[in-house]
Structures are given as structure tokens and as C-alpha cells.
Amino acid sequence: MVDQTETAVAKLSDRAETLLRSTLLTLLHQAAEVHRAHHDVEDIQKASLLSIKTGGCPEDCAYCPQSAHHKEVGLQKEHFMDPDAVVQLAARAKEAGAERFCMGAAWRKVRDGKEFDAVLEMIRGVRALDMEACVTLGMLDRHQAQALADAGLSAYNHNLDTGPEFYSEIIGTRTYRDRLETLNHVRATGVDICCGGIIGMGESLRDRAELLGVLASFDPVPESVPINALIPVPGTPLGHLPRTRPPEMMRMVATARILMPNARIRLSAGRDGFSVSDQLLCFIAGANSIFYGDILLTAPNSGLSLDDILFETLGEIV
């Protein structure tokens with residue numbers, strides 16, 4: 001489960017901090033050795049991400065343009081999507097090379113009813129395409145997690161965002177414990193957990209280490225760990241912050257790989273600002289999954305043309 005003792009988390013956080021502070025070349029080399037020992041280094045999962053309900057979220061997450069608290073963002077709200085339209089987009093994503101289709105709704109908490117039933121229909125439709133299905137819907141009760149599992153859900157995404165000490169600086173409408181409770185509900189059903197965080201929000205290196213320490217203390221660790229770099233959006237409280245430098249992402253990916261050898265480490269939001277060479281170093285450091293396509297919920301991604309260049313670079317020279 002995802003409940004941990006403070007001692008275990010502290011020890012893992014200390015180790016994470018030591019790794020994050022080590023020289024970059026040494027860290028990358030160590031992480032690459034761990035990666036090769038546990039994974040086929042050429043196996044990089046492509047996931048596609050779709051917002052099935054955009055904007056108007058009652059949460060106050062300081063980084064998120066979908067929050068109803070951030071009136072100056074000017075994000076256009078979109079109503080809940082039709083399940084047939086979602087499955088059609090999933091089929092197009094599969095044709096483009098995606099193996100996992102992720103669906104996100106800007107909700108604080110799942111409510112039973114017509115929209116949740118529609119999510120279950122979407123999951124069944126995506127699974128019928130022989131794709132993995134992942135959703136991120138906010139907080140869940142136990143029976144809702146079980147309904148998702150019964151529909152065939154492959155993974156539930158519920159990020160911790162940052163370390164527990166810095167968390168209240170970013171979010172005030174739900175607690176760290178709330179997030180862990182939802183993850184426990186998901187884990188109890190046997191559905192995989194997709195859980196990671198965001199760097200570049202003004203946190204300290206220790207906060208980053210504590211995020212990784214908490215994740216590495218899960219038993220078992222999350223099957224998928226997305227590492228995001230903040231995309232500063234004007235109108236949000238963090239819109240003034242600078243973009244994350246690529247070496248910071250490399251350090252997080254490498255440390256996550258060493259601490260969680262069997263997980264898929266996903267190079268997620270923020271890589272639109274990274275060169276192909278930067279991303280290649282992240283793959284060497286242990287990343288083995290990306291979001292593939294033009295949009296991440298509401299934020300820009302590298303785009304298919306740049307991703308095609310990336311994967312062409314990774315391919316064999318003939």
C-alpha cells in the first residue's frame with residue numbers, strides 16, 4: 001500500500017538528496033546501469049493524453065490553468081466529451097503510434113452518475129482497441145475505484161505534485177493525505193498506479209528529494225512515474241517562474257530510475273522546451289515513456305513532427 005513510516009520515507013529522501021546532489025555524469029552513468037539491468041532500453045512507451053472535461057476545476061492548484069480560482073487565465077471551458085468521440089480519438093492516437101490512451105477530467109472528486117458512467121464506457125471502448133486505458137479524475141471512493149477496475153482500467157493517474165513539506169504552498173483545497181487515500185483505493189483494486197510530480201514550482205532540492213522518497217516508499221512502487229517540469233501559464237500564481245533547465249529534469253529522471261528500478265519513468269510536461277539531445281540524455285538516464293502528440297490536457301507538448309524526429313534519431317542507421 002501507499003502508507004509509509006516516517007523513518008522509511010526519511011531514509012529514502014536522504015538517499016534521493018544525495019543522488020540529486022551528485023555530479024551529473026556520475027549520476028547519469030549510475031542510472032543508465034540500473035535501467036539496462038531492469039529494462040529493454042529500446043522499449044519507450046508512447047502515451048496519448050486527452051482532456052475529456054476542460055476547465056472550471058474547484059481545486060486551487062497554483063500551477064494549473066484549469067483551476068476556477070485563476071480568473072485571469074482565460075481558458076475556454078469545454079463540456080464533458082461524448083464517449084464515442086473519445087474512442088474515435090483514441091483510435092487515431094493508436095494509428096499514430098500510441099500504446100496508452102490517457103483521459104483527464106478537471107474534477108476535484110468523482111461523483112457517481114451519468115458522467116462517471118460515461119467514463120466507464122470510454123475505458124471499455126479504449127480497451128476494445130487493444131490499448132492501455134488510463135484516467136485522471138481527482139479523488140475517488142473505494143467503490144468508484146472498483147468500478148473503474150471492473151471496466152478494465154489499466155492505470156489511474158493521481159500525482160503527488162511535490163514533497164509533503166512544500167505541498168501546502170501549491171495546493172490548499174486538498175491534503176497530501178487525501179491524495180494518498182485515493183491511491184490506496186486504487187491499489188486495493190489491483191489497477192496500476194501512475195503517480196509522480198512537478199519540478200520548477202519554487203521548491204527546494206530537499207522538496208524534490210522528499211517527493212521521490214515518498215514515491216519510492218510505496219509498496220509496491222508506482223508502475224508509472226511521470227516527471228513533469230512546470231509550464232508557467234500567465235494568470236496562474238506560478239506564471240512568472242522561469243522554465244526548468246534540462247539538467248534538472250535529467251537529475252530527477254536519473255534519481256527516480258535508481259530509486260524505482262522497475263517503474264516506467266515518464267518524461268512528461270515541459271519537454272517541449274527541451275532539444276532532441278536533451279531528451280536523449282533523459283532516456284539514457286532511465287526515462288522509458290513519453291506523452292506523444294501536440295497537447296497535454298491544455299499545455300503544449302513537443303508535437304508529432306518533433307517526436308517523429310526524436311524517434312528517427314533513436315532508430316537504427318541503415
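About the thresholds
Residues numbered from 1 in each chain as written. Predicted model: local features only at pLDDT ≥ 70, side-chain atom pairs only at ≥ 80, totals over all residues. Heavy atoms only, no water. Buried < 20%, exposed > 50% of the residue type's maximum accessible area, 1.4 Å probe, protein only. Helix = DSSP H or I, 4+ residues; strand = E, 2+ residues; numbered from the N terminus. Pairing = 2+ DSSP bridges. Right-handed = clockwise from strand over helix to strand, strands pointing away. Contact = heavy atoms within 4.5 Å. Salt bridge = Lys/Arg side-chain N within 4 Å of Asp/Glu carboxyl O. Phe/Tyr/Trp six-rings, centres within 6.5 Å; stacked < 30°, edge-to-face > 60°. Lys NZ or Arg CZ within 6 Å of the ring centre and 35° of its normal. Axes fitted to C-alpha atoms, helices over the stretch in contact; angles between N-to-C directions. Parallel < 35°, antiparallel > 145°, perpendicular 65-115°, else oblique. Left-handed = near helix turned anticlockwise from the far one by under 90°. Nonpolar A, V, L, I, M, F, W, Y, C, P; charged D, E, K, R; others polar. Core = buried A, V, L, I, M, F, W, Y, C linked by side-chain atoms within 4.5 Å.

Okay, the pairing of strand β3 (residues 132–136) next. Within β3, four of the five residues are buried, which leaves it mostly tucked inside the rest of the structure. The sheet contact formed by strand β2 (residues 100–105) and β3 spans five bridges and is parallel. Within β3, the residue paired with Cys102 across the bridge is Cys134. On the question of chirality, the crossover connecting β2 to the parallel β3 by way of helix α4 (residues 114–128) is right-handed.

Residue position: Gln144 is located in helix α5 (residues 142–150). Judged by its relative accessible area of 2%, Gln144 falls in the buried class. Each residue touching Gln144, except ones within four places of it in the same chain, is listed here: Lys109, Val110, Arg111, Asp112 and Phe116.

Under the criterion given, the structure shown has 14 salt bridges. A salt bridge links Arg21 to Glu17; its shortest N-O distance comes to 3.1 Å. Here Glu17 and Arg21 lie together in helix α1 (residues 6–21), a separation of four residues that amounts to about one turn. Shared partners join several salt bridges into a network, and the residues in it are Asp14, Glu17, Arg21, Arg206 and Glu210.

Glancing now at the packing of aromatic side chains. All chains considered together, the criterion is met by two aromatic pairs. Note on Phe80 and Trp107: the rings are 5.9 Å apart at their centroids and 5° apart in plane angle, and the pair reads as stacked. Of the two residues, Phe80 is situated in the loop between β1 (45–53) and α3 (83–95) and Trp107 in the loop between β2 and α4; the sequence distance between them amounts to 27 residues. Geometrically, the ring pair formed by Tyr167 and Tyr176 is edge-to-face, given 5.1 Å between the ring centres and 80° between the ring planes. A residue is classified by how much of its surface remains accessible, and Tyr167, at 4% relative accessible area, is buried. Judged by its relative accessible area of 12%, Tyr176 falls in the buried class. Between Arg266 and the ring centre of Phe291, over which it is positioned, the NZ or CZ distance is 5.0 Å.

With that settled, the discussion passes to the environment of Glu181. With respect to the helices and strands, Glu181 occurs in helix α6 (residues 176–189). Counting along the chain gives 41 residues from Glu181 to Leu140, while the straight-line C-alpha distance between them is 8.4 Å.

Right, let's talk about the packing of helix α7 (residues 205–217) against helix α8 (residues 246–259) for a bit. Contact geometry of α7 with α8 gives a least axis separation of 10 Å together with a crossing angle of 25°. One way to sum up the angle between α7 and α8 is to call them roughly parallel. The way α7 lies across α8 gives a crossing that is right-handed. Across the interface between the two elements, Arg208, Leu211, Leu212 and Ala216 of α7 pack against Glu248, Met252, Thr255, Ala256 and Leu259 of α8. Looking at side-chain class alone, the contact of α7 with α8 contains six nonpolar, one polar and two charged residues.

Further remarks concern the nonpolar core. Residues Tyr63, Met103, Leu137, Leu148 and Leu160 are the most contacted members of the largest nonpolar core, which totals 93 residues. Here the element with the most residues in this core is α8; it accounts for eight residues. The contact partners of Leu137, leaving out residues within four places of it in the chain, are Ala105, Trp107, Lys109, Val110, Phe116, Val119, Leu148 and Tyr156.

Here the focus is the pairing of β2. Among the six residues that make up β2, six are buried, leaving the element largely enclosed by the rest of the structure. The side-chain alternation of β2 yields two buried faces, one formed by Arg100, Cys102 and Gly104 and the other by Phe101, Met103 and Ala105. With six bridges connecting them, β1 and β2 associate as parallel partners. Bridging from a neighbouring strand, Lys53 pairs with Ala105 of β2.

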